[in-house]
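# Structure assessment
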Amino acid sequence: MRKETKYTEMWINDGILYFKYKPIPEINLRKAKVIVAQRLLFQNEKLYPILCDMRKIGNITDEAMSFLASDGTVMIKALAIIAHSSYEHYMGKIFIDFHHPHIPTKLCFKQHEAIEFLKPFR
């Protein structure tokens, strides 16, 4: 099962929901709410651990980050964020350290590390 939206690509493999952002110059609160609503439709009321690839995001506003860390975590068992650049790592650290997501969350540099973190939550 795979779904492509204006902002993301999503698919489920081995009990993990893979969530990959398309190129987005900036995610503001409005876009964040749309992205979460689309994910919830895709999930069809089933909880999943999520592997989030944020490589193509330019910026996330503080308001959007706050929403994603609170209301945006609904129906997520655990979250692994893949960061490849130092900027992505910086954004991920801000998300985790300052916005305190309500679910187990880990910032990873490698996909296999993210999958290992998420396996117990399947």
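Residues numbered from 1 in each chain as written. Predicted model: local features only at pLDDT ≥ 70, side-chain atom pairs only at ≥ 80, totals over all residues. Heavy atoms only, no water.

### Quick look at the pattern of salt bridges
Summed over all chains, the structure comprises 7 salt bridges. In this structure, the salt-bridge partner of Glu 9 is Arg 2, at a minimum N-O distance of 3.2 Å. Of the residues examined, Arg 2 reaches a relative accessible area of 55% and is grouped as exposed. A salt bridge links Glu 113 to Lys 106; its shortest N-O distance comes to 3.5 Å. We classify Glu 113 as partly exposed; its relative accessible area is 28%. (Salt bridge = Lys/Arg side-chain N within 4 Å of Asp/Glu carboxyl O. Buried < 20%, exposed > 50% of the residue type's maximum accessible area, 1.4 Å probe, protein only.)

### Quick notes on the side chain of Gln 43
Structurally, Gln 43 is set in helix H1 (residues 29–43). Looking at Gln 43, the relative accessible area reads 3%, which means it is buried. Within the structure, the side chain of Gln 43 is placed 2.3 Å from the side chain of Arg 39, a separation counted as a polar contact. (Helix = DSSP H or I, 4+ residues; strand = E, 2+ residues; numbered from the N terminus. Polar contact = N/O pair within 3.5 Å; in protein donor to acceptor, adjacent residues only side chain to side chain.)

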